[in-house]
Amino acid sequence: MENQLLKPTLYTPAGALLGGRCTCGHVFFPMQTHGCEVCGRYGADLQPMTLSGRGKLLSATIVHLHADKARATPFTIGKIALAEGPVVRTLLLDRDREIAPGTPMAARLVPIGETGLDLRFAPEG
Ligand SMILES: [Zn+2]
């Protein structure tokens, strides 16, 4: 049985992110048609755009204790400025390693659980 993408509305099987672009030029993630946060256009003025899944780490923090006791710790959350402009807050592949701000990062699909695939960011290369 093939592994299933856990969030197929957010990324492709190749690990590209499913974002969008407004006719004003603003690029956003994830794709939505409710309204551009820069100019307010909506609907057909917002078109799907595939984002590379590459960017630079702005900051990261290692979580050692989570309110949900079932949630395995440690894990690392990073804030990443994507190459196309949007900033995302996301899980990093390395659960407990310090990574310096400015490090080039890339999205990867990794196995989660028995049959799932989900996106994590890790240093490029
Ligand atoms: Zn706009």
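Small disclaimer: the values here were computed from a predicted structure and weren't measured. (Residues numbered from 1 in each chain as written. Predicted model: local features only at pLDDT ≥ 70, side-chain atom pairs only at ≥ 80, totals over all residues. Heavy atoms only, no water.)

K.L.:
When you look at the coordination of the zinc ion in this model, what are you seeing that I'm missing?
P.N.:
Each pair of donors in an ideal octahedron of six around a metal sits at 90 or 180 degrees, and each pair in an ideal tetrahedron of four sits at 109.5 degrees. The coordination sphere of the zinc ion, as far as protein atoms go, consists of Cys 22 (SG), Cys 24 (SG), Cys 36 (SG) and Cys 39 (SG), spread over 2.3 Å. Mapped onto the sequence, the residues coordinating the zinc ion show the spacing C-x1-C-x11-C-x2-C. Of the two residues, Cys 24 is situated in the loop between β2 (17-22) and β3 (27-28) and Cys 36 in the loop between β3 and β4 (46-51); the sequence distance between them amounts to 12 residues. Among the residues examined, Cys 24 registers a relative accessible area of 35% and is labelled partly exposed. (Donors = N, O, S within 2.8 Å, 3.2 Å for Na, K, Ca; no water. Helix = DSSP H or I, 4+ residues; strand = E, 2+ residues; numbered from the N terminus. Buried < 20%, exposed > 50% of the residue type's maximum accessible area, 1.4 Å probe, protein only.)

K.L.:
I keep staring at the sheet that holds strand β1 (residues 4-5) and nothing clicks. Help me out?
P.N.:
Strand pairing in a sheet is mediated by backbone hydrogen bonds. Such pairs are either parallel or antiparallel. Spatially, the 6 strands line up as an open sheet ordered β1-β9-β8-β5-β6-β7, and their pairing is mixed. On the outer flanks of this sheet lie β1 and β7 (87-91), each paired with one strand and no other. With 8 bridges connecting them, strand β5 (residues 54-63) and strand β6 (residues 75-82) associate as antiparallel partners. Looking across to β6, one finds that Ala 60 is bridged to Gly 78. (Pairing = 2+ DSSP bridges.)

K.L.:
How should the side chain of Arg 120 be read in this particular structure?
P.N.:
Tracing the chain through its elements places Arg 120 in strand β9 (residues 116-123). A polar atom in the side chain of Arg 120 sits 3.2 Å from the side chain of Asp 118. When residues no more than four places from it in sequence are discounted, the contact partners of Arg 120 are Leu 91, Leu 92, Leu 93, Ala 106, Ala 107, Arg 108, Val 110 and Ile 112. (Polar contact = N/O pair within 3.5 Å; in protein donor to acceptor, adjacent residues only side chain to side chain. Contact = heavy atoms within 4.5 Å.)

K.L.:
What is the right way to look at the packing of aromatic side chains in this model?
P.N.:
By convention here, two paired aromatic rings are described through the distance between centres and the angle between planes. If you walk through the whole model with that rule in mind, you get 0 aromatic pairs. In this structure, Arg 71 is placed above the aromatic ring of Phe 75, and the distance from its NZ or CZ to the ring centre is 4.2 Å. (Phe/Tyr/Trp six-rings, centres within 6.5 Å; stacked < 30°, edge-to-face > 60°. Lys NZ or Arg CZ within 6 Å of the ring centre and 35° of its normal.)

K.L.:
How should the nonpolar core be read in this particular structure?
P.N.:
As a rule of thumb, soluble globular proteins bury nonpolar side chains together. Leu 17, Ile 80, Leu 82, Leu 92, Met 105 and Phe 121 are the most contacted members of the largest nonpolar core, which totals 14 residues. When contributions to this core are tallied by element, the ones reaching two or more residues are β6, β8 (104-112) and β9. In this structure, Met 105 is in contact with Gly 53, Arg 54, Gly 55, Lys 56, Leu 57, Ile 80, Leu 92, Ile 99, Phe 121, Ala 122, Pro 123 and Glu 124, ignoring residues within four places of it in sequence. (Core = buried A, V, L, I, M, F, W, Y, C linked by side-chain atoms within 4.5 Å.)

K.L.:
Any chance you could explain the pairing of β7 here in plain terms?
P.N.:
If a strand is regular, its side chains alternate between the two faces of the sheet. Side chains of β7 alternate between two faces, with Val 88 and Thr 90 buried and Val 87, Arg 89 and Leu 91 left unburied. Strand direction decides the pairing type here: β6 and β7, joined by 5 bridges, are antiparallel. Across the sheet, residue Ala 81 finds its bridge partner in β7, namely Val 87. Remark: 4 residues form the turn of the hairpin made by β6 and β7, two consecutive strands paired antiparallel; Gly 85 in that turn has positive phi of roughly 125°.

K.L.:
Would you take a moment to explain the pairing of β2 for this structure?
P.N.:
Pairing geometry for β2 and β4, over 6 bridges, is antiparallel. Looking at β4, one finds that Gly 19 is bridged to Met 49. Examined bridge by bridge, β2 and β3 share 2 bridges and lie antiparallel to one another. Directly across from Gly 20, in β3, lies its bridge partner Phe 28. What sits between β2 and β3 in their antiparallel hairpin is a turn of 4 residues, with Gly 25 showing a positive phi close to 105°.

So far we have only geometry, and geometry alone does not tell us how the molecule works.
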